[in-house]
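Close look at the chain arrangement
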Amino acid sequence: MKKLILLLLFSPVFVLGQQTINGTINHDNINREYILYVPASYVSSSPVPLVFCFHGYSSNMNANFAYTNFKAIADTAGFIVVHPQGTLDNTGTAHWNVGGWTVGSSVDDVGFALALLDSITSVYNIDSDRVYSTGMSNGGYMSFLLACQLNDRFTAVASVTGSMTPQTFNACSPVHPTPILQIHGTADATVPYSGNTGWTLSINNVLQYWAGYNNCNSSPTTNTVPNSNPNDGSTVEKIVYSGGDNGSSVEHFKITDGGHDWPGVWGNMDINASIEVWKFFSKYSLSELSTPVSFIENSSENLFCFPNPTNSLITIENQFNDPKTIEIINCLGTVVYSGYISKKNNQINVENLSPNVYFVQIETSLIKFLKL
């Protein structure tokens, strides 16, 4: 069992006045730092929401605490916010281990996030129905990783200039409809909007994956955000995939000509990213979303499906010689295709399938793919 040491002294009855606390926990024999902000309204008799906010690659918790300024929103809305600190990778750069460009890292950041959540919950009266994660860039990737691997504890996530790595996508196993907010600029030169097959999904692929998983309407609504600051060089559209299971949605602020920015602080000034993140989070509670999926992916090391995502053909690379029965199943558990596959006949045309997440099943192996 991993040893967890809480090094923070606290009052078990109440907290008077707002507090900014620099805390440390020991996880996997590493001292991990964080900043915790507790609003003046907090009293131990009333459960409050908790927001995780992760900094970007090469950044730190202090900078993230300052520019996101969630404490000003927490003072009004009455939630606690925690800004964790990443560890140094082999180049000496602070990071979150999400795959992609961090594949050389061995740090268990998901375990750290869980340990930190449990330690804060042991001190403060946290509403377990309302635990959320957001972050910028690498911190957005980390939030998606938590949505995939710690889904039973996190209600919703928001990514600002982040995305999903192929490793996060391939190992994603959510257990409830998960509201997603994505804020991203089309001219982001750090995390490309159109993705990169080697290390990051495109923003469209991320939206399609979660909209499909949540069973949202396949056609989103798009509204233009007023261009209140015409001098910032960018404009904003709000794209919403609504109608998801249990009221879930996938929302996207698409910032045309926007860069790698935290809107409202620098870059686009038509929206305030922190305010939009909290407005989104505040709509959702875990108990209202907790519908378990009907099956679990069971991938075989000898079975591969590519390209993934795809808009036409998928190729099944396998180690079997005899023809096998193959089925394609949608997120509701319905078989939408059945047939046979072999080494010589290993391609399937999925062009007629609607954009969504699907599962290929061959015997006991189940592999996920995204149809664009």
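Structure: above.
The numbering scheme is per chain: residues are counted from 1 as the chain's sequence reads. Side-chain atom pairs in this predicted model are given and counted only at pLDDT of 80 or more, local residue features only at pLDDT of at least 70, and totals for whole chains, interfaces and linings cover all residues. To get the side-chain values, all heavy atoms of the structure are used, and hydrogens and water are removed first.

1. What to know about the pairing of strand β13 (residues 250-256)
Stated formally: Burial status follows relative accessibility: with a 1.4 Å probe on protein chains alone, a residue under 20% of its type maximum counts as buried, one over 50% as exposed, and anything between as partly exposed. Only DSSP runs of H or I covering at least 4 residues are called helices, and only runs of E covering at least 2 are called strands; the numbering of each starts at the N terminus. In this analysis, strands are considered paired if DSSP registers two or more bridges between them.
The buried fraction of β13 is high, at five of seven residues. By the bridge criterion, seven bridges tie strand β12 (residues 235-241) to β13 in an arrangement that is antiparallel. Paired with Ile239 across the two strands is His252, which belongs to β13.

2. A few points about the packing of helix α3 (residues 109-123) against helix α4 (residues 138-149)
What describes two packed helices is the angle between their axes and the distance between those same axes. The condition is simple: In this analysis, axes come from line fits to C-alpha atoms, helices being fitted only over the stretch in contact, and the angle between any two N-to-C directions falls in the range 0 to 180 degrees. Geometric relationships in this document are graded by angle, where less than 35 degrees denotes roughly parallel, more than 145 denotes roughly antiparallel, 65 to 115 denotes roughly perpendicular, and other angles denote oblique. The contact criterion used throughout is that any non-hydrogen atoms of two residues lie within 4.5 Å.
Look at α3 against α4: their axes get within 10 Å of each other, and the N-to-C directions meet at 80°. Between α3 and α4, the crossing angle belongs to the class labelled roughly perpendicular. Taking contact as the criterion, the partners of Asp109, Val110 and Ala113 in α3 are, on α4, Met142, Leu145, Leu146 and Gln149.

3. Side note on the sheet that holds strand β15 (residues 313-317)
An order of β14-β15-β18 is seen for the three strands of this open sheet, with the pairing classed as antiparallel. Looking at strand neighbours, the two that pair on one side only are β14 (304-306) and β18 (347-349), the edges of this open sheet. Averaged over all pairs of adjacent strands, the angle between strand axes in this sheet comes to 25°, irrespective of strand direction. Bridging between β15 and β18 involves three bridges; their strand directions are antiparallel. Residue pairing for β18: Ile314 is matched across the bridge by Ile348.

4. Overview of the side chain of Asn26
Where we set the bar: Distance and chemistry together define a polar contact, namely a pair of N or O atoms within 3.5 Å, with one atom able to donate a hydrogen and the other to accept it when in protein, and with adjacent residues in sequence counting only for side-chain atoms on both sides.
Mapped onto the fold, Asn26 is located in strand β2 (residues 19-27). The class for Asn26 is buried, based on a relative accessible area of 14%. Within polar-contact distance, the side chain of Asn26 engages the backbone nitrogen of Asn29 at 3.3 Å. Here the side chain of Asn26 touches Asn31 through a polar contact of 3.0 Å, side chain to side chain.

5. Some remarks on unusual backbone geometry
Note: most peptide bonds trans; most residues except glycine with negative phi. Of the consecutive residues Phe306 and Pro307, the connecting peptide bond is found in the cis state with omega at -10°. Turning to its location among the elements, Pro307 is positioned in the loop between β14 and β15. The peptide bond linking Asn308 to Pro309 adopts the cis configuration, its omega dihedral lying at 10°. Positionally, Pro309 belongs in the loop between β14 and β15. For Asn29, which is not glycine, the phi torsion reads 65° and is therefore positive. Following the sequence through the fold, Asn29 ends up in the loop between β2 and β3 (30-38). We classify Asn29 as exposed; its relative accessible area is 73%. Of note in the backbone geometry, Asn69 takes a positive phi value of approximately 50° without being a glycine. When you line up the elements, Asn69 lands in the loop between α1 (61-68) and α2 (70-77). For Asn69, a relative accessible area of 33% gives the class partly exposed.

6. Here we look at the pairing of strand β9 (residues 156-160)
What counts here: When the strands point away from the viewer and the connection leading from the first strand across the helix to the second strand turns clockwise, the crossover is called right-handed.
Taking burial as the measure, the five residues of β9 include five buried ones, the bulk of the element. Here β9 shows no split at all, with Ala156, Ala158 and Val160 on one side and Val157 and Ser159 on the other all buried. Pairing of strand β8 (residues 126-136) with β9, which is carried by five bridges, proceeds in the parallel orientation. The residue of β9 that forms the bridge with Met136 is Val160. Handedness of the β-α-β unit built from β8, α4 and β9 comes out right-handed.

7. Focus: the sheet that holds strand β16 (residues 324-330)
Strand order across the open sheet formed by four strands is β17-β16-β19-β20, with antiparallel pairing between neighbours. Looking at the sheet topology across the chains shown, the edges are occupied by β17 (335-341) and β20 (365-371). With direction set aside, neighbouring strand axes in the sheet form an average angle of 25°. With four bridges joining them, β16 and strand β19 (residues 356-362) adopt antiparallel strand pairing. Residue pairing in the sheet places Glu327 in a bridge with Gln361 of β19. Against the sheet, helix α6 (residues 203-213) contacts β19 and β20, and its axis sits at roughly 75° relative to β19.

8. Section: the packing of aromatic side chains
The line we're drawing: Two rings from Phe, Tyr or Trp (for Trp, the six-membered ring) form a pair when their centres are within 6.5 Å of each other. A pair whose planes differ by under 30 degrees is stacked, one over 60 is edge-to-face, and the rest are tilted. Both a distance and an angle decide whether a charge sits over a ring: NZ of Lys or CZ of Arg must be within 6 Å of the ring centre and within 35 degrees of the ring normal.
Evaluation of the coordinates by the stated rule reveals 22 aromatic pairs. With a centroid separation of 4.9 Å and an interplanar angle of 85°, the aromatic rings of Phe54 and Trp96 are classed as edge-to-face. You can see Phe54 sitting in strand β4 (residues 48-54) and its partner Trp96 sitting in the loop between β7 (94-95) and α3, a full 42 residues away along the chain. Here Phe54 and Trp96 have matching classes, each one buried. Look at Phe144 and Trp210: their rings are 6.5 Å apart centre to centre, the planes differ by 20°, and that puts the pair in the stacked class. With Phe144 in helix α4 and Trp210 in helix α6, the pair connects residues that are 66 residues apart, well separated along the chain. Across the pair, Trp210 and Phe144 agree in class, each one buried. Here the guanidinium or amino end of Arg32 rests over the ring plane of Phe112, the centre of that ring lying 3.8 Å away. Of note, Lys368 hangs over the ring of Phe169, and the distance from its end group to the ring centre comes to 5.3 Å.

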